[in-house]
Amino acid sequence: MRRRARVSLIGEVTGFSRSRTQAYFELRDTEGAVPCVIWLNELERLDLPKGGLRDGAEVVIGGGPNYYRGSAQASPSFSFRATHVRLAGEGDLLARLEALREQLRAEGLFELQKQLPRPRLPKTIGVVTAEAGAARRDLLTGLQRRGWAGTVVWAFAPVQDRRAAPAVAAAIQELAARPVVEAIVVARGGGSLADLWAFCDETLCRTVAMLRVPVISAVGHERDSTLIDDVAAVACSTPTHAAEAAVPLDCDEARAGLERCAAALRRTGEGAVGARTRHLVALARGPARALRRERIALNQKTREIRAAAQRGVAERVSFQRRIALVVLDRTARRAVTGAASAATTNRRRSVALDRSASAALRRRRDGLRRAAMALRAHDPERTLERGYALAEDTAGEPVTSAAAAIAAGHVRLRFADGGVGAKIDPEGGGDERAA
Amino acid sequence: MSEPPESYESAVERLEQIIDRLDSGQAGLRETLDLCREGRDLVTYCSAELDAVGEGLQELRLDELAARLEQPAEPRQS
């Protein structure tokens, strides 16, 4: 039998007991159990921590099959004789824990509880813990420190070994089924990861995540990290902190605050009436004062208006004076400019006039000369010069017909070189005419 | 009180609003008196809530709670 292969097994220790020479226990996992035995002297040589090999401990054992022939008092049996025992490395458990943590996180189960509203002043709190544990006392102390003295509903359950997880889950569900329970605390003292392994149970964690009542976990100490901490609404390092999380309101402080509020309200109410009464009294005295104030203000305004009017008149006079000066200046400049322009025009016109007068003079002289020439052409003197004679009456008027000569009787004949008198013979002239 | 608050939290929140409004000095006389009256009612409500968790811690087991819930309401004994 001892020549059979040596193997290693991993599991949880249950039913640990000792005889004088040997230690006995069962090694369990989810699929079954193996009875194991180890010599006490071999166990002592392994130098395990004191109390390390006990119920609930996760261990790795090395050894092989063992057969007991039986005796008068005992039946023959097979068992596993362990020669080496070591506590299961946290690495083994941590790897499984991390895988499960990632899975629950991926499913969003870490957020559900954290989104639940938590009452600041619950009247009833449910607590899941071990009946004999120190966590119970610490939690009550924490609640007392908050000044909270409501109702605590205890749901006691084992908090270590393989029975713990389903028992804790059932207790939580029982509490959550009561509507009066407003928050649930799950509390357990510190320990190794193997000790706290129940609180990493997948079913328990899923149960907590799906509850509609906020769950506050206070499992282990600050350095311990279990999965229930991740899925719970709040994770606390100690039961005392869990009490503060379960009752966020410091009741003693709230009572003192309420008293202050009540006093402030009283003061404000009374003060509001008193202040307004004083104000009304002041208002009753007000009209005369207001009238005087208005009169003073009116006088002041009148003075200001008068001064402003005087300032306005002076400014207007000054302005008009400036305007007049500017207008005069512009008019004078325009007059000077106009005179200069008129002088230039006059000069131009004078020249044109002179030129025109000379031309007219020339034209008239030429006309006169031509008239003189024409006159001269018609001058009777020139006819006389050619040998003709002019008959004039005594008055010097020309006698231009025979009848007139006869009538005159006596005429004067003017020749070019002088005149002579002649007597008219009416007879003599007739013949000639007839001839 | 015209309408009881939904919870202690909502009562405290409203009470803080009332105090802020009164502290601002902007409320008229009628509003001030109404707010003071409402505030006093809220203080009474909150005091009652605090009294409910101040009359002495009561510890029950789950089965005791179940039994109590099944019975008709009785005056609470601390």
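Refer to the structure above for everything that follows.
Every value quoted in this text rests on a predicted model; they were computed, and no experiment measured them. (Residues numbered from 1 in each chain as written. Chains lettered and ligands numbered in written order. Predicted model: local features only at pLDDT ≥ 70, side-chain atom pairs only at ≥ 80, totals over all residues. Heavy atoms only, no water.)

A. Highlighting the sheet that holds strand β13 (residues 418–423) of chain A. All names here are of chain A. Strand order across the open sheet formed by three strands is β11-β12-β13, with antiparallel pairing between neighbours. Of all the strands in the sheet, just β11 (390–392) and β13 have a single pairing partner and so form its edges. With strand direction ignored, the average angle separating the axes of adjacent strands in the sheet is 30°. Judged from the six bridges that link them, strand β12 (residues 410–415) and β13 form a sheet pairing that is antiparallel. (Pairing = 2+ DSSP bridges. Helix = DSSP H or I, 4+ residues; strand = E, 2+ residues; numbered from the N terminus. Axes fitted to C-alpha atoms, helices over the stretch in contact; angles between N-to-C directions.)

B. Region of interest: the packing of aromatic side chains. Residues and elements named next belong to chain A. Counted by the stated rule, this structure contains three aromatic pairs over all chains. Arranged with centres 5.7 Å apart and planes meeting at 10°, the rings of W154 and F156 form a pair that is stacked. We note R136 situated over the ring of W154; from NZ or CZ to the ring centre the distance is 5.0 Å. (Phe/Tyr/Trp six-rings, centres within 6.5 Å; stacked < 30°, edge-to-face > 60°. Lys NZ or Arg CZ within 6 Å of the ring centre and 35° of its normal.)

C. Region of interest: the pairing of strand β2 (residues 22–29) of chain A. All names here are of chain A. Alignment of strand β1 (residues 7–18) against β2, held across five bridges, turns out to be antiparallel. The partner of V13 across the bridge, within β2, is L27. Turn length for the β1-β2 hairpin, with the two strands adjacent in sequence and antiparallel, is three residues.

D. Examining the nonpolar core more closely. Ranked by size, the top nonpolar core spans 46 residues in total, and within it L121, I125, W148, V185 and I216 of chain A together with Y8 and L50 of chain B carry the most contacts. Contact partners of L50 of chain B, with chain neighbours within four places excluded, come to L121, L249, C251, A254, R255 and L258 of chain A together with Y8 of chain B. Within the second largest apolar cluster, 40 residues are counted, among which are V153 and V186 of chain A together with L60 and L62 of chain B. (Core = buried A, V, L, I, M, F, W, Y, C linked by side-chain atoms within 4.5 Å. Buried < 20%, exposed > 50% of the residue type's maximum accessible area, 1.4 Å probe, protein only. Contact = heavy atoms within 4.5 Å.)

E. Region of interest: the interface of chain B and chain A. Listed by partner, the interface residues are 35 residues for chain B and 39 residues for chain A. The junction of chain B with chain A conceals about 3000 Å² of combined surface from both sides, 70% of it contributed by carbon and sulfur atoms. At the junction of chain B and chain A, the tally comes to three salt bridges. Put simply, chain B and chain A have twelve residue pairs in polar contact (both at pLDDT 80 or more) between them. The set of elements that each furnish at least two residues to the side of chain B that touches chain A consists of α1 (8–24), α2 (29–52), β1 (58–61) and α3 (62–70) of chain B. In terms of residue count, the dominant contributor to the side of chain B that touches chain A is α2 of chain B (13 residues). Of the residues contributing to the side of chain B that touches chain A, the split by class is 21 nonpolar, seven polar and seven charged. The pairing of strand β7 (residues 151–156) of chain A with β1 of chain B spans four bridges and is classified as parallel. Across the sheet, W154 of chain A pairs through a bridge with R61 of chain B, a residue of β1 of chain B. (Buried area = accessible area lost by both parts, 1.4 Å probe. Salt bridge = Lys/Arg side-chain N within 4 Å of Asp/Glu carboxyl O. Polar contact = N/O pair within 3.5 Å; in protein donor to acceptor, adjacent residues only side chain to side chain. Nonpolar A, V, L, I, M, F, W, Y, C, P; charged D, E, K, R; others polar.)

By themselves, these are just geometric observations and shouldn't be taken as functional.
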